[in-house]
Amino acid sequence: MTDVAQDVIAIIKKKARVDRSEIGMDDKLLDLGLESLDALELVFDIEEKFNIEIPVNANDANIGGFETVGDVVREVEKLIATKA
Amino acid sequence: MHRVVVTGLGAVTPLGHDAASYWAGLKKGEDGIRPVESIPPDKLNQKVLGEVKGFDSQKHFTDRQLPILDRVSQFAIVAAKQAIAHAGISFDGELSERTAAILGTGVGGMTTIDESFKRLYEDQQPRVYPLTIPKLMVNAPASQVSMYCGLRGPSFAVASACASATHAIGLSFQMLRSGSIRAAVTGGAEACITFGGIRGWEAMRVMAPDKCRPFSKDRKGMIIGEGAAIMVLETEEDARKRGADILAEIIGFGMSADAKDITAPDEGGMVRAIKGALNDAKLNGEDVQYINAHGTGTTANDRTETAALKTALGDHARNLAISSTKSMIGHALGAAGALELVATVMSLREGVIAPTINYLGPDPECDLDYVPNEARQTKIDAALSNSFAFGGLNAVLVARRYNG
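In this text the structure is predicted, and so the values were computed from the model without any measurement.

The rules we used
Residues numbered from 1 in each chain as written. Chains lettered and ligands numbered in written order. Predicted model: local features only at pLDDT ≥ 70, side-chain atom pairs only at ≥ 80, totals over all residues. Contact = placed C-beta atoms within 7 Å. Nonpolar A, V, L, I, M, F, W, Y, C, P; charged D, E, K, R; others polar. Pairing = 2+ DSSP bridges. Helix = DSSP H or I, 4+ residues; strand = E, 2+ residues; numbered from the N terminus. Axes fitted to C-alpha atoms, helices over the stretch in contact; angles between N-to-C directions. Domains from an automatic or database assignment. Parallel < 35°, antiparallel > 145°, perpendicular 65-115°, else oblique. Left-handed = near helix turned anticlockwise from the far one by under 90°. pLDDT = per-residue confidence, 0-100. Expected span 1.5 Å × (residues − 1). Buried ≥ 20, exposed ≤ 12 C-beta atoms within 10 Å, placed from the backbone.

## Points about the interface of chain B and chain A
How big an interface is tends to be reported as the loss of accessible area on association of its parts.
Stage number 1. In this assembly, 5 residues from chain B lie in contact with 6 residues from chain A.
Stage number 2. Split into classes, the residues belonging to the side of chain B that touches chain A amount to 4 nonpolar, no polar and 1 charged.

## Thoughts on the sheet that holds strand β8 (residues 248-257) of chain B
Residues and elements named next belong to chain B.
Stage number 1. As summarised here, the arrangement of the 10 strands in space is β5-β4-β6-β7-β1-β8-β14-β13-β9-β10, forming an open sheet in which the pairing is mixed. Since the sheet does not close on itself, it has two edges, and those belong to β5 (155-158) and β10 (321-323), each with one partner. Strand-to-strand twist in this sheet, taken as the mean axis angle between neighbours without regard to direction, amounts to 25°.
Stage number 2. Strand direction decides the pairing type here: strand β13 (residues 382-389) and strand β14 (residues 393-400), joined by 8 bridges, are antiparallel. Residue pairing across strands places Leu 384 opposite Val 398, the latter belonging to β14.
Stage number 3. Relative to the sheet, helix α7 (residues 140-149) contacts β4 (99-104), β5 and β6 (183-190), its axis offset from that of β4 by approximately 150°.

## Considering the domain arrangement of chain B
Residue and element names in this part refer to chain B.
Stage number 1. Taken as a whole, chain B is organised into domain 1 (4-241) and domain 2 (252-400).
Stage number 2. Computed over C-alpha atoms, the centres of domain 1 and domain 2 are 21 Å apart.
Stage number 3. Between domain 1 and domain 2, the residue contacts involve 61 residues of the former and 57 residues of the latter.
Stage number 4. Those elements that place two or more of their residues in the side of domain 1 that touches domain 2 are β1 (4-12), α1 (19-28), α8 (164-178), β6 and β7 (227-235).
Stage number 5. For the side of domain 1 that touches domain 2, the element with the highest residue contribution is α8, accounting for 8 residues.
Stage number 6. Class assignment for the residues of the side of domain 1 that touches domain 2 results in 31 nonpolar, 20 polar and 10 charged.

## Structural notes on the packing of helix α11 (residues 267-281) of chain B against helix α12 (residues 299-313) of chain B
Residue and element names in this part refer to chain B.
Stage number 1. Close contact between α11 and α12 brings their axes to 9 Å; oriented N to C, the two are set at 50°. Comparing the axis directions of α11 and α12 gives the class oblique. You can see that α11 and α12 cross each other, and the crossing is right-handed. Contact with α11, carried on its side by Glu 267, Met 270, Val 271, Ile 274 and Lys 275, involves Thr 304, Glu 305, Ala 307, Ala 308, Thr 311 and Ala 312 of α12 and no other residues of that element.
Stage number 2. Looking at the contact of α11 with α12, its residues break down into 6 nonpolar, 2 polar and 3 charged.

## Some remarks on the confidence of the model for chain B
Stage number 1. Mean pLDDT over chain B stands at 97; residues scoring 70 or higher make up 100%.
Stage number 2. Two summary scores accompany this predicted model of the complex, namely pTM at 0.95 and ipTM at 0.79.

## Here we look at the confidence of the model for chain A
Stage number 1. Predicted confidence across chain A gives a mean pLDDT of 87, with 95% of residues reaching 70 or more.
Stage number 2. Least confident of the elements in chain A is helix α2 (residues 36-50) of chain A, whose mean pLDDT is 88; most confident is helix α3 (residues 69-83) of chain A, at 93.

## Topic: α2 of chain A
Residue and element names in this part refer to chain A.
Stage number 1. With 15 residues, α2 extends 21 Å from end C-alpha to end C-alpha; this agrees with the ideal 21 Å at 1.5 Å per step.
Stage number 2. When we look at burial in α2, the residues that qualify are Ala 39, Glu 41, Leu 42, Val 43, Phe 44 and Ile 46.
Stage number 3. On the buried face of α2, the contacting elements are α1 (3-15) and α3.
Stage number 4. Looking one or two residues past α2, Asn 51 carries a phi angle of roughly 50°, positive in sign.

## A look at α12 of chain B
Residue and element names in this part refer to chain B.
Stage number 1. Given a rise of 1.5 Å per residue, 15 residues ought to cover 21 Å, and the 21 Å separating the end C-alpha atoms of α12 matches this to within 8%.
Stage number 2. Taken as a whole, α12 has its buried residues at Asn 301, Asp 302, Thr 304, Glu 305, Thr 306, Ala 308, Leu 309, Ala 312 and Leu 313.
Stage number 3. Two residues or fewer after α12 comes Gly 314, characterised by a positive phi angle close to 65°.

## Here we look at the environment of Gly 361 of chain B
Residue and element names in this part refer to chain B.
Stage number 1. Of note, Gly 361 is situated in the loop between β11 (352-353) and β12 (376-377).
Stage number 2. Residue Gly 361 is classed as exposed on the basis of its C-beta count, with 9 C-beta atoms lying within 10 Å.
Stage number 3. Separated by 142 residues in sequence, Gly 361 and Arg 219 have C-alpha atoms that sit 10.0 Å apart.
Stage number 4. When near neighbours in sequence (up to four residues on either side) are disregarded, Gly 361 contacts Ser 216 and Lys 217.

## Examining the packing of α8 of chain B against helix α14 (residues 336-350) of chain B
All names here are of chain B.
Stage number 1. Where α8 contacts α14, the two axes come as close as 5 Å, and the packing angle between them is 65°. On the basis of their axis angle, the class for α8 and α14 is roughly perpendicular. Residues Ser 164, Ala 165, Thr 166 and Ile 169 of α8 touch α14, and the partners they reach there are Ala 336, Gly 337, Ala 338 and Leu 341.
Stage number 2. When the residues that make up the contact of α8 with α14 are grouped by side-chain class, the tally is 5 nonpolar, 3 polar and no charged.

The following block contains the structure:
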């Protein structure tokens, strides 16, 4: 697992409303009990951590088109690469 | 027409974080205006304020709850829960739908406004916390109280600066009296002690540098405070039915606007609100033994309020007791009226009047009985609580000792 993945998972773990000892790349965000306001806080924490802007619209059915933890990690890695 | 009674009190104040310690501090004449701790002293000219010290957010809220709660909402929720526990009432089912949560707030989430915009302007940070808006909005305290306490009736914020809480309680009183609601969790909250906020007050040049001395000679102005006071109001029949301990009765409410000046107080506006409240209560001036004054400690307010009391009450103004609890806790703006009504309710209940502290002696233009420096024991049947706000907005409540 990459450093980015570990950091993202640590942030998600803090916001998750279900108690999971392990969160993996295939876990679905909805299954982790992340409600819409949680998701906004999640995006904020990730943006702060990596100093990136994640283009997200809270009106989207699943926030930012992210279904799984892996989707978030891949997007963050892409945005970091674009920035570099 | 229903009779309206007070059955629970809650407060977060510079003198203590619950209504009982607040009232105990007031009776002792304790001065809650102390050196500023929340803002680095070298950044301010004002060295003393009425801060709520030692308020431990973590004690009252979880890490998950806290990010969305501005300090003002935290004060409101804590005070509301105390008031509800004190009243011993539970808002289940139909009662919840007929219980209002109406709170006064002068400026809303000032800490959030200050901190968020500092990030952008000064720290050059690219973003602010995603729930900045619902955290800073002026109705956040009212909404959070409705959510935390499960109150599903009318809920909104009342903003009339220094009269906000009195207007909020007055509206709740009217709704209860008319029968449109059965209970209300009402009062006010303010947390306006931020660098930007206090610099704004300094710019107005109305604050005393050391002590708040309402109605005293050599008074130098008001001093900003913060806090919350919330009370449970019910119809008398509901309160009696459930065997509640009735603390006092609210019997009248008067309000007016000066329509003159955005800051200068106006005797005429004050008089109309006082007389309006007495008429509403069907009382004569002579029936009142105590007035919890607006009494900010500014030259203009205290002189004008004294003149208004003489005009509204005639010679009786010289026979009654007047005190300003702001001398001890400062001016908590949108919470002030509720903090003062709590003091008024306790005065009626216990027959003790909280003093006006830091009083040095009479001013030629303030020549009434201001209960200087020490609390006084005296039976009170009826009392007024005055609030006169920036914007020329006046609100006065009449409360009565409950005799059954």
